[in-house]
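# Topology and contacts: notes
Chain residues, written in single-letter form:
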Amino acid sequence: MDELRTKYIEAIAAAADEATLEELRVQAVGKKGEVSLKMRELGKMTPEERQVAGPALNALKNEINSALAAKKVALSDAALDARLATEWLDVTLPSRNHRVGTIHPISQVTEEVTAIFADMGFAVAEGPQIETDWYNFDALNIPGHHPARAEMDTFYTHRAEGDERRPHVLRTHTSPVQIRTMEKDGAPIRIICPGRVYRADYDQTHTPMFHQVEGLALGKDISMANLKWVLEEFFSAFFGTDVKTRFRASHFPFTEPSAEVDIQCSWEGGTVKVGEGDDWLEVLGSGMVHPNVLKAGGIDPDEYQGFAFGMGIDRLAMLKYGIPDLRAFFDSDLRWLRHYGFASLDQPTLHSGLNR
Ligand code: DAH
């Protein structure tokens, strides 16, 4: 019995895996195991012998069984430790660097413009980029023979052969949204319409697609004075410094009187600075909405009047953020976008420093 004990206790201690352990269990205490066979011999013994050998064999069997159980636990603990060691993960390591997209300067400036005008009570209106020539021209007091049509380098859509209807156009300005809003909402009106416009033109300061923002305010007693205040308020908030404006008499078919508006600037070392110096930079067209335009929009010009303006968003972005070439805006060059783009969490609001 001592031999059996030594043999199995040592073998169990040395077992490297559960399969070996199971073999040892069968060999020792299985149905035909060595200890079990010994127990069968008890029957042949005298009662006295049996009284000594019986408990001793039982004790041996128990000892082997508990050695097996203990070893089994030890083996599975070791297996778990080994697995934990290989699957170990340092959650304190810094995360991998993901490239984050940026907000395009045009989107950023559109948001800024919208925030400033919203603060002055202007809502945002929108219209389609493919327009009928009525909304783009006629309703704006630009009849078919008017030179402004030719000057605008309009893109026309295609009509099937034999279809005599006038082709649609890619809107050449945001002004058609004035008419659509008058038709939809009636007066009074206080809106801006930012959006894409199209003209067949391409050089350092022109791209075939660019952005404008239109403004329209209609009421019973809205005047040029209101226009001047709104624009000065806008430019000062946008450029973050007091900006003087200069109104020059001009002509647009859709306004009477009309004015081109310049903002105060300086040219020092080849760069423009807005809001200082005594040079002027032309930034927009404006005027009092022409009675014909009000009529086209279904509004009685004897009852309502107001101002309108239109300016280039891309131009504003170039001025404010020192971007030299307009064409780069639309090249989708990732290096350019990373350089001039804005963080997505850095959206403009009046309380985040956009205001003066
Ligand atoms: N639509 C004109 C353009 O694209 C800009 C403009 C001028 C808009 C005067 C206006 C305005 O609303 O009153 O050149």
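Computed from a predicted model, the values in this text were never measured in an experiment. (Residues numbered from 1 in each chain as written. Predicted model: local features only at pLDDT ≥ 70, side-chain atom pairs only at ≥ 80, totals over all residues. Heavy atoms only, no water.)

This part is about the site of the ligand. Around the ligand lies a shell of 15 residues, among which His 173, Ser 175, Arg 199, Gln 212 and Glu 214 are the nearest. Measuring from an oxygen atom of the ligand, one finds a side-chain N or O atom of Gln 178 at 3.2 Å. With respect to the ligand, the side chain of Glu 214 contributes an N or O atom lying 2.6 Å from an oxygen atom. Summarising the interface, the protein chains cover 91% of the accessible area of the ligand, which totals 350 Å² for the free molecule. Breaking the shell around the ligand down by element, the ones donating at least two residues are strand 5 (209–219), strand 9 (279–289) and strand 10 (305–312). Classifying every residue of the shell around the ligand by side-chain character gives four nonpolar, nine polar and two charged. (Near = heavy atom within 4 Å. Polar contact = N/O pair within 3.5 Å; in protein donor to acceptor, adjacent residues only side chain to side chain. Areas by Shrake-Rupley, 256 points an atom, 1.4 Å probe, with all protein chains shown as cover. Helix = DSSP H or I, 4+ residues; strand = E, 2+ residues; numbered from the N terminus. Nonpolar A, V, L, I, M, F, W, Y, C, P; charged D, E, K, R; others polar.)

Its boundaries defined by the atoms lining it, the second largest pocket holds a volume of some 290 Å³. Lining the second largest pocket are 16 residues, with Ile 106, Ser 107, Thr 110, Arg 196 and His 211 sitting closest to its centre. (1 Å grid on protein atoms, 1.4 Å probe; cavity = no way out; pocket = protein on both sides within 12 Å on 5 of 7 lines; lining within 4 Å. Points joined across faces, edges and corners; volume = space filled by probe spheres on them.)

Before going further, it helps to examine the packing of helix 9 (residues 224–239) against helix 11 (residues 313–321). Where helix 9 contacts helix 11, the two axes come as close as 11 Å, and the packing angle between them is 45°. On the basis of the axis angle, helix 9 is oblique to helix 11. Along its contact with helix 9, which presents Phe 234, Phe 235, Phe 238 and Phe 239, the element helix 11 presents Leu 316, Leu 319 and Lys 320. Across the contact of helix 9 with helix 11, the residue classes break down as six nonpolar, no polar and one charged. (Axes fitted to C-alpha atoms, helices over the stretch in contact; angles between N-to-C directions. Parallel < 35°, antiparallel > 145°, perpendicular 65-115°, else oblique. Contact = heavy atoms within 4.5 Å.)

Right, let's get into the packing of aromatic side chains. Considering all chains together, one arrives at 14 aromatic pairs under this definition. Here Phe 117 and Phe 122 contribute two aromatic rings whose centre-to-centre distance is 5.3 Å and whose plane-to-plane angle is 75°, an arrangement assigned as edge-to-face. Side by side, Phe 117 and Phe 122 carry an identical accessibility label, which is buried. Centre to centre, the rings of Phe 329 and Phe 330 are 5.9 Å apart; their planes meet at 35°, and the pair counts as tilted. Looking at Phe 329, the relative accessible area reads 2%, which means it is buried. Exposure remark for Phe 330: the relative accessible area of 29% places this residue in the partly exposed category. Ring pairing ties together the aromatic residues Phe 117, Phe 122, Phe 234, Phe 235, Phe 238, Phe 239, Phe 307 and Phe 309, which thus form one cluster. A cation over a ring is seen here: Arg 180 above Tyr 135, with NZ or CZ 3.9 Å from the ring centre. The lysine or arginine in question, Arg 327, covers the ring of Tyr 202, its NZ or CZ lying 5.6 Å from the ring centre. (Phe/Tyr/Trp six-rings, centres within 6.5 Å; stacked < 30°, edge-to-face > 60°. Buried < 20%, exposed > 50% of the residue type's maximum accessible area, 1.4 Å probe, protein only. Lys NZ or Arg CZ within 6 Å of the ring centre and 35° of its normal.)

Turning to the pattern of salt bridges, a few remarks are in order. A full pass over the atoms with the stated rule returns 19 salt bridges. Lys 7 is the salt-bridge partner of Glu 34, the closest N and O atoms lying 2.6 Å from each other. Pair noted here: Glu 34 is in helix 3 (residues 34–40) and Lys 7 is in helix 1 (residues 2–14), with a separation of 27 residues, a long-range link. Take Glu 34: its relative accessible area is 32%, and that puts it in the partly exposed class. For the salt bridge of Arg 166 with Asp 138, the shortest nitrogen-to-oxygen distance reads 3.5 Å. (Salt bridge = Lys/Arg side-chain N within 4 Å of Asp/Glu carboxyl O.)

Next up on the list: the side chain of His 173. Position of His 173 relative to the elements: it lies in the loop between strand 3 (169–170) and helix 8 (176–185). A distance of 3.0 Å separates a polar side-chain atom of His 173 from the backbone oxygen of Asn 136. A distance of 3.5 Å separates a polar atom in the side chain of His 173 from a polar atom in the side chain of Ser 175. Aside from chain neighbours lying at most four places away, what touches His 173 is Asn 136, Leu 140, Ile 142, Met 152, Val 197, Arg 199, Gln 212 and Phe 254.

Close contact between helix 5 (residues 105–119) and helix 11 brings their axes to 9 Å; oriented N to C, the two are set at 95°. Compared by their axis directions, helix 5 and helix 11 come out roughly perpendicular. Counted together, Pro 105, Ile 106, Gln 108, Val 109, Thr 110, Glu 112 and Val 113 of helix 5 and Ile 313, Asp 314, Leu 316, Ala 317, Lys 320 and Tyr 321 of helix 11 form the full contact between these two elements. Taken together, the residues that form the contact of helix 5 with helix 11 break down as eight nonpolar, two polar and three charged.

Of all 10 residues in strand 4 (residues 189–198), eight are buried, a share of seventy percent or more. As paired elements, strand 1 (residues 123–124) and strand 4 share two bridges and run parallel to each other. Pairing of Val 124 across the sheet is with Ile 192, part of strand 4. The sheet contact formed by strand 4 and strand 5 spans 10 bridges and is antiparallel. In the sheet register, Val 197 faces strand 5, and the bridge partner there is Phe 210. (Pairing = 2+ DSSP bridges.)

That's the geometry; what it means functionally is another story.
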